[in-house]
Amino acid sequence: MIYAENVLICIAVPLVISLLFTKRSTRRFIVSFMTGMIVCLLSAYISGYLAVSTSYSTEEASIFLSPIVEEIMKFLPVLFCFFVFEPSPEDLKPTAVGVGAGFATFENCCFILSSGASHLGYVMIRGLAVGVMHLVTMVAFVMGLRLLKRYKVVSFAGIVGALSMSMTFHGLYNLLVSEPGVSSYIGYALPMLFAVMLYLIGYRPVAGDDEDNL
Amino acid sequence: MSDSTLIGVILTIVQVAVLVSVILPTARAMLRAKTTLISVFFCFAMGCYLFSDLYWVAYDCLRPDTRMPFAVNEFSECAMILFLSAGLEKVLKDERKIAWEIIFSFAFVGANIALWIFWSGEWVQDILFGIPYVYFLWLLIRGIKSRDLLPKIERAGIVLLSFLILALEFVALYSEKMDKTMNIPIAILTFGGLAWLLIRSIKTKDVFLAFAFFFSSIMAMYSFADLFYNLATAANTVALPLMYFSMKKERDKDDLR
C-alpha cells in the first residue's frame, strides 16, 4: 500500500515554490500540471468508490469505469478554463497538456511506487503507453474544442462529443491491454501512433510559446 | 467465438470501412471550406460512431459471447445522436414550439426504453442514454412533416406499425412461451418497415428520411439478437452512405448557414 496523498504533497511542494519564480504561460502550465495530479488522486477515489458500490469486479471497474471517471475529471478543469477565462486556442493548449501530463506523471509515480521500477520494460510501457495516452486524449479533446469553436458550434452536443471520443480512445486502450498477446501490443502502440498522427495533422505542442517567461 | 458473434464482428468491420469512406470525403470538404453546419456535425457524429464500432470489435474479439457491461461506447453512441440532432436542427424550418410529434416521440422511445430495461435491467443508463433519441425522433418527424416527404396515409401507417411492433414485443415479454413464436412476426413487421423507409429515402434522397432509416435500423438492432441483430446491423451500414449523400445534397443547396 502506498500513501498517494503523501506522494502528491512531495511532488507538489517544489512546484508550488516554483510558482514564485515563474510568470505567465510557464506558471499556467505548472498550475495545470498540479491540477492534473490532484485530479488523478480524486479520480482514484471515485473509481475506488464505484468499484465497491457497483457489481463490477476490480478488473472490470478499471477497464470499463475508470476511462469514464478519469476523462470526465481531466476534462472538467479544461472546460472550466475554456468557459471562464475564454483563452485563445494557443493558451488552451498548455493548460490541457499540463493537466494530461500531470495526471500521467502522478499515476506513473503511484504505480511505480507500488509495483517497483526494477524492470525497465515495464517502466517504458508505463511511460510510453499509459503516460502518452493521458496526454493524447487531452490534446485530442482540445483539438475537438478548437474545431467546434472554429465552426462556431460550441454546444452541449459538441462538448459531449469531444469528451466521448477521448473516453472511447482511453477505454479502447484499457480494453486492448487487459488481455495478454497481440491485442496488448496493439494497445501499447496505440497512444504513440495517435500522438504522431495528431502531430502530423498540424498540432504543434507547447514548444516555443514560453521562452520569455523566466 | 460463436458463428453469430463472428458474423457480427465481420459486419462491424465492414461498417468501420464504410464509416471511414464517409468520414474522409466529409472532412476533405470541410478543409476546402465547402461547409454547412450539418456536414460539420455529421462528420463529428460519424467519428463518434467509428470509435464505438472499434470498441465493439475489440470487445467481441477479446471477450466473445459475453454481455458487454456499461462502457465508454455508450457515450460515443449518445454523442453521435446529439451531433446528428444538432445537424438536423440547422436544416429544420419548423417554427412550431410545441407539437403533437413530441408526445409520439416520448411514447415511442419511452416504450422502447422500457423494453430495454426489461431485457437488460440497466435502468440508469437506458434512461440516460435513451433521452437523446426522443429529441432526435422529434426532429425527424417535424422535418418529414414540414417538408411533406410522406403522404398523410403513410405517416399514419408508420405510426400504427410502430405501436403494433411495440405491442407485440410487450406480449412476447410477458408470455415467455410465446417469446420465440412472436419473434418472427415482429421481425417481419420491423424489417418490412425498414425496407419501406429504405425505398422512400433512396427515392427522395432527403436528409430527414435517410436519418429516419438510420434511426429505425438502430431501434431494430436494440430489439433483436443473433441473426436479426446482424440483419439490422447490415441495414444500419446501408444507412450510412444514404445519410452521406442526403447530407451532401443538403450541403450543396446552401453554403455555410
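These figures come from a predicted structure and were not determined experimentally.

Peer 1: Describe the overall build of chain A, with residues and values.
Peer 2: Helices and strands together make up the secondary structure of chain A, namely 7 helices and 0 strands. In terms of overall size, chain A behaves like a compact globule, its C-alpha atoms giving a radius of gyration of 17 Å where 214 residues would be expected to give roughly 17 Å. Each principal axis of the C-alpha distribution contributes one length, and for chain A these read about 45 × 40 × 35 Å. Relative to its 214 residues, chain A shows a buried fraction of 39%.

Peer 1: Explain the overall build of chain B residue by residue, including any values.
Peer 2: Helix and strand counts for chain B come out as 9 helices and 0 strands. For chain B, the N- to C-terminal ordering of α and β elements is α-α-α-α-α-α-α-α-α. Rg of the C-alpha trace for chain B: 18 Å, near the compact-globule value of 18 Å for 257 residues, within the 12% margin. When its C-alpha atoms are laid out on the principal axes, chain B stretches across 55 × 45 × 35 Å. Buried positions account for 42% of the 257 residues belonging to chain B.

Peer 1: Before we move on, can you summarise the packing of helix H8 (residues 207-223) of chain B against helix H9 (residues 226-253) of chain B with the specific residues and values?
Peer 2: All names here are of chain B. Look at H8 against H9: their axes get within 8 Å of each other, and the N-to-C directions meet at 160°. It follows from the interaxial angle that H8 and H9 lie roughly antiparallel. Relative to H9, the crossing made by H8 is left-handed. Of the residues in H9, those touching H8 at Val207, Ala210, Phe211, Phe213, Phe214, Ser217, Ile218, Ala220 and Met221 are Tyr229, Ala232, Thr233, Ala235, Asn236, Ala239, Leu242, Met243, Ser246, Met247 and Glu250. For the contact of H8 with H9, the class distribution of residues is 15 nonpolar, 4 polar and 1 charged.

Peer 1: Mind laying out the interface of chain B and chain A, listing which residues take part and the relevant values?
Peer 2: Across the boundary between the two partners, chain B contributes 24 residues, which contact 22 residues of chain A. Secondary structure elements with two or more residues in the side of chain B that touches chain A: helix H2 (37-62) and helix H3 (73-91) of chain B. In terms of residue count, H2(B) provides more of the side of chain B that touches chain A than any other element does, 12 residues in total. Here the side of chain B that touches chain A is composed, by residue class, of 19 nonpolar, 5 polar and no charged.

Peer 1: Break down the environment of Ile38(B) for me, citing the residues and quoting the values.
Peer 2: Residues and elements named next belong to chain B. Relative to the assigned elements, Ile38 resides in helix H2. For the pair formed by Ile38 and Lys248, sequence separation is 210 residues and the distance between their alpha carbons is 9.2 Å. Setting aside residues up to four positions removed in sequence, Ile38 forms contacts with Gly87, Lys90, Val91, Met247, Glu250 and Arg251.

Peer 1: Would you mind going over the nonpolar core in detail, with residue names and values included?
Peer 2: Counting residues in each nonpolar core, the largest one holds 119 residues, and the members touching the most others are Phe141(A), Ala45(B), Phe83(B), Leu137(B), Leu140(B) and Phe211(B). Here the element with the most residues in this core is H2(B); it accounts for 17 residues. The residues touching Phe141(A), leaving out its near neighbours within four places in the chain, are Phe75(A), Val78(A), Ala96(A), Ala162(A), Leu163(A) and Ser166(A).

Peer 1: Can you explain the confidence of the model for chain B? Please cite residues and give values.
Peer 2: Looking at chain B, the pLDDT average stands at 85 and 93% of residues meet or exceed 70. The ipTM, which scores confidence in the relative placement of chains, is 0.81 for this predicted complex, and the corresponding pTM is 0.85.

Peer 1: Summarise unusual backbone geometry; cite the residues concerned and give the values.
Peer 2: All names here are of chain B. In the Ramachandran plot, Asp65 falls in the positive-phi region, its phi being about 60° despite a non-glycine side chain. Residues other than glycine seldom take positive phi values, yet Asp148 does so here, at roughly 55°. With respect to the helices, strands and loops of the structure, Asp148 is situated in the loop between helix H5 (123-146) and helix H6 (152-174).

How each quantity is defined
Residues numbered from 1 in each chain as written. Chains lettered and ligands numbered in written order. Predicted model: local features only at pLDDT ≥ 70, side-chain atom pairs only at ≥ 80, totals over all residues. Helix = DSSP H or I, 4+ residues; strand = E, 2+ residues; numbered from the N terminus. Rg over C-alpha atoms; globule rule 2.2 N^0.38 Å. Buried ≥ 20, exposed ≤ 12 C-beta atoms within 10 Å, placed from the backbone. Axes fitted to C-alpha atoms, helices over the stretch in contact; angles between N-to-C directions. Parallel < 35°, antiparallel > 145°, perpendicular 65-115°, else oblique. Left-handed = near helix turned anticlockwise from the far one by under 90°. Contact = placed C-beta atoms within 7 Å. Nonpolar A, V, L, I, M, F, W, Y, C, P; charged D, E, K, R; others polar. Core = buried A, V, L, I, M, F, W, Y, C linked by C-beta atoms within 7 Å. pLDDT = per-residue confidence, 0-100.

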